[in-house]
Amino acid sequence: MDKLVIEGGRVLNGVITASGAKNSALPVIVATALAEEESLLENVPHGTDVEHICDILSSLGVAVRWDGPGRLRINGAGLNRVQAPYELVRKMRASFYVAGLLLGRLGEAVVPLPGGCSIGSRPVDYHIKGFEALGAQVALEHGYMKAYAKRLTGAKYYVSRASVGATINTMLAAVLAEGTTVLENAAREPEVVDLANLLNAMGAKIRGAGMDVIRIEGVKRLHGTEHEIIPDRIEVGSYLILGAMTGGKVVVENAMGEHLRSVLASLGAIGVEIEESTTAICVQRKDRLTPLNIATQQYPGFPTDLQAPFSVLLTQSDGVSTVRETVFDGRFKYVDELRRMGADIQVERDTAIITGPTQLTGAPVEATDLRGGMALVIGALAAEGKSEVIGLEHIDRGYERLEHKLQNLGACVQRISV
Ligand code: EPZ
């Protein structure tokens with residue numbers, strides 16, 4: 001078990017480079033195995049979630065190998081097993097994407113149902129309805145989803161709550177189906193667009209990704225390709241918030257501002273100065289911060305994945321802010337830990353009420369989920385004195401080389417193996 005020991009209160013300055021998007025890499029890696037040829041992916045982040053999805057694909061017969069930093073070669077020719085192993089799938093909910101892969105490629109999928117989650121209840125019923133819409137017979141038995149289809153056929157499917165995961169899984173199953181699939185109320189997240197771009201480069205016929213109606217004309221087979229994963233908008237946003245929090249001038253490279261409009265607007269609204277170039281965003285806080293009321297939304301609204309980091313920043317605003325979480329029903333668990341650092345935050349149902357400004361003070365804290373964990377790290381870097389952050393296995397899922405990147409900004413942070 002590792003912990004981060006952070007001596008906070010330093011002004012951070014400099015350049016930090018974001019990695020490729022974890023939430024794009026996971027479905028893109030799975031999608032490459034729809035082809036019986038090799039694909040090369042670049043800008044692949046190397047967090048533990050990516051390692052897990054690679055392990056799951058390997059267990060199904062897919063050849064996966066790293067070919068230098070950020071370069072992953074995948075060949076689906078050997079895909080020959082329809083059952084994903086529970087001990088690997090249980091580690092990560094996005095493992096459920098292999099259901100779309102197996103159903104699309106082999107016509108059969110036996111995948112453990114994901115269990116509980118630290119950010120709220122996260123069923124997969126919309127994914128399953130998508131498979132059924134394409135003609136699959138689905139049974140839930142002994143903790144597994146068993147899906148079978150002699151031949152999937154294109155269909156119209158309305159995606160409830162514009163679910164990201166259900167949009168992606170139905171796309172994965174539909175690309176090799178017979179006929180045309182129309183996804184209505186589809187998720188518009190950049191990660192969905194990245195996946196569609198990859199699949200089209202492999203020979204799929206997908207139109208409309210990034211809008212709420214996606215049309216997928218099934219093709220007989222896909223071929224290998226080369227593809228570069230988009231920058232991680234949530235990692236970029238986390239570092240921008242960190243820069244604003246600690247008061248220096250921080251430049252985040254490998255950033256696409258167009259994926260972060262609502263976040264940049266919110267930073268601007270509280271008084272943070274932002275400068276953008278084509279591939280970098282610079283953040284600087286000069287004045288006192290003002291309070292703000294925000295609510296998380298599906299893209300292009302304010303991302304739920306930055307709710308926790310932004311809430312920490314609002315502890316520095318002069319007055320009362322509110323943050324409403326509309327996507328997940330349990331995403332305020334980090335608040336109790338932040339309070340231990342002195343934050344004045346009350347949670348009432350789906351809303352956090354934050355009163356500032358507060359000088360946070362270092363404390364031992366525990367991360368219980370990925371983004372909540374990052375929020376604690378940001379808090380600790382701004383806090384006066386020493387903090388120790390445990391539960392790093394959550395943070396390591398999605399922030400590659402975190403302590404090295406932070407050290408480059410002048411942060412006093414060390415990873416210690418306990
Ligand atoms: C993706 O989760 C991301 N994960 C999440 O990032 C992100 O928070 C979320 O999208 C929203 O942007 C990955 O991409 C791997 P949803 P996903 O399906 O696909 C409910 C992170 O920190 N729902 O859009 O699971 C669900 O419970 C992670 O990197 C059902 O009820 O999100 C939620 O309330 C955390 N039934 C809402 O819909 C279903 O079958 C939206 O979830 C599916 C979802």
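Residues numbered from 1 in each chain as written. Predicted model: local features only at pLDDT ≥ 70, side-chain atom pairs only at ≥ 80, totals over all residues. Heavy atoms only, no water.

**Here's the deal with unusual backbone geometry**
Of note, the amide linkage connecting Y299 to P300 takes the cis form, showing an omega dihedral of 10°. In this structure, P300 sits in the loop between β17 (293–295) and α10 (307–314). Cis rather than trans, the peptide bond between G356 and P357 has omega equal to 0°. One can find P357 in the loop between β20 (351–356) and β21 (364–366). Of note in this structure, N185 is not a glycine but carries a positive phi near 55°. By secondary structure assignment, the location of N185 is in the loop between β10 (180–184) and α7 (190–201). The phi torsion at R401 lies on the positive side, around 50°, for a residue other than glycine. Position of R401 relative to the elements: it lies in the loop between α13 (392–395) and α14 (402–408). (Helix = DSSP H or I, 4+ residues; strand = E, 2+ residues; numbered from the N terminus.)

**Points about the nonpolar core**
Among the nonpolar cores identified, the biggest contains 73 residues, and I29, M171, L199 and L222 are the most heavily contacted of them. In contact with L199, other than residues within four places in its own chain, are A31, L34, M171, V175, A204, I206 and L222. Among the nonpolar cores identified, the runner-up in size contains 67 residues, and A18, I241, V377 and L381 belong to it. (Core = buried A, V, L, I, M, F, W, Y, C linked by side-chain atoms within 4.5 Å. Buried < 20%, exposed > 50% of the residue type's maximum accessible area, 1.4 Å probe, protein only. Contact = heavy atoms within 4.5 Å.)

**Comments concerning the sheet that holds strand β5 (residues 72–75)**
In spatial order, the strands read β4-β5-β3-β13; together these four strands make up an open sheet with mixed pairing. Here the strands that pair on one side only, and so sit at the sheet edges, are β4 (63–66) and β13 (226–228). Each adjacent strand pair in this sheet contributes to an overall mean axis angle of 20°, direction not counted. Relative to β5, β4 runs antiparallel, the two sharing four bridges. Across the sheet, residue A63 finds its bridge partner in β5, namely N75. (Pairing = 2+ DSSP bridges. Axes fitted to C-alpha atoms, helices over the stretch in contact; angles between N-to-C directions.)

**Quick notes on the domain arrangement of the protein chain**
Each assigned domain of the protein chain is listed with its residue range as follows: domain 1 (2–19 + 231–417) and domain 2 (22–228). The distance between the C-alpha centroids of domain 1 and domain 2 comes to 30 Å. In this assembly, 26 residues from domain 1 lie in contact with 20 residues from domain 2. Carbon and sulfur atoms supply 44% of the area that domain 1 and domain 2 bury against each other, a total of about 1,900 Å² over both sides. Counting the contacts that link domain 1 with domain 2 gives two salt bridges. With its nearest N and O atoms 2.8 Å apart, the salt bridge here joins R233 to E191. Taken together, the connections running from domain 1 to domain 2 amount to 13 residue pairs in polar contact (both at pLDDT 80 or more). (Domains from an automatic or database assignment. Buried area = accessible area lost by both parts, 1.4 Å probe. Salt bridge = Lys/Arg side-chain N within 4 Å of Asp/Glu carboxyl O. Polar contact = N/O pair within 3.5 Å; in protein donor to acceptor, adjacent residues only side chain to side chain.)

**A short note on the sheet that holds strand β19 (residues 344–348)**
Taken together, four strands build an open sheet; the order of strands is β17-β18-β20-β19 and the sheet is mixed. Each of the sheet's edge strands pairs with one partner strand only, and the pair in question is β17 and β19. Mean inter-strand twist for the sheet, computed between neighbouring axes without regard to direction, equals 15°. Here five bridges tie β19 to β20, and the two strands are oriented antiparallel to one another. Bridge assignment links D344 to a residue of β20, and that residue is T355. Contacts from α10 reach β17, β18 (319–324) and β20, with the element oriented near 175° to β18.

**Re the pattern of salt bridges**
Tallying each qualifying case throughout the model produces 23 salt bridges. In this structure, the salt-bridge partner of D2 is R415, at a minimum N-O distance of 3.2 Å. You can see D2 sitting in strand β1 (residues 2–8) and its partner R415 sitting in strand β23 (residues 412–417), a full 413 residues away along the chain. Taking relative accessible area as the criterion, R415 reaches 28% and is therefore assigned partly exposed.

**What to know about the site of the ligand**
The full set close to the ligand counts 22 residues, and D125, Y126, S163, D305 and V327 are the nearest of them. Here an oxygen atom of the ligand and a side-chain polar atom of R161 are 3.2 Å apart. At 2.5 Å from an oxygen atom of the ligand is found a side-chain nitrogen or oxygen belonging to D305. Within the complex, the protein chains bury 90% of what would otherwise be the 820 Å² of accessible surface of the ligand. Of all the secondary-structure elements, those providing two or more residues to the shell around the ligand are α1 (22–32), α5 (125–133), α6 (164–174) and α12 (370–382). Among the elements that make up the shell around the ligand, the one with the highest residue count is α5 (three residues). Partitioned by chemical class, the residues of the shell around the ligand number nine nonpolar, six polar and seven charged. (Near = heavy atom within 4 Å. Areas by Shrake-Rupley, 256 points an atom, 1.4 Å probe, with all protein chains shown as cover. Nonpolar A, V, L, I, M, F, W, Y, C, P; charged D, E, K, R; others polar.)

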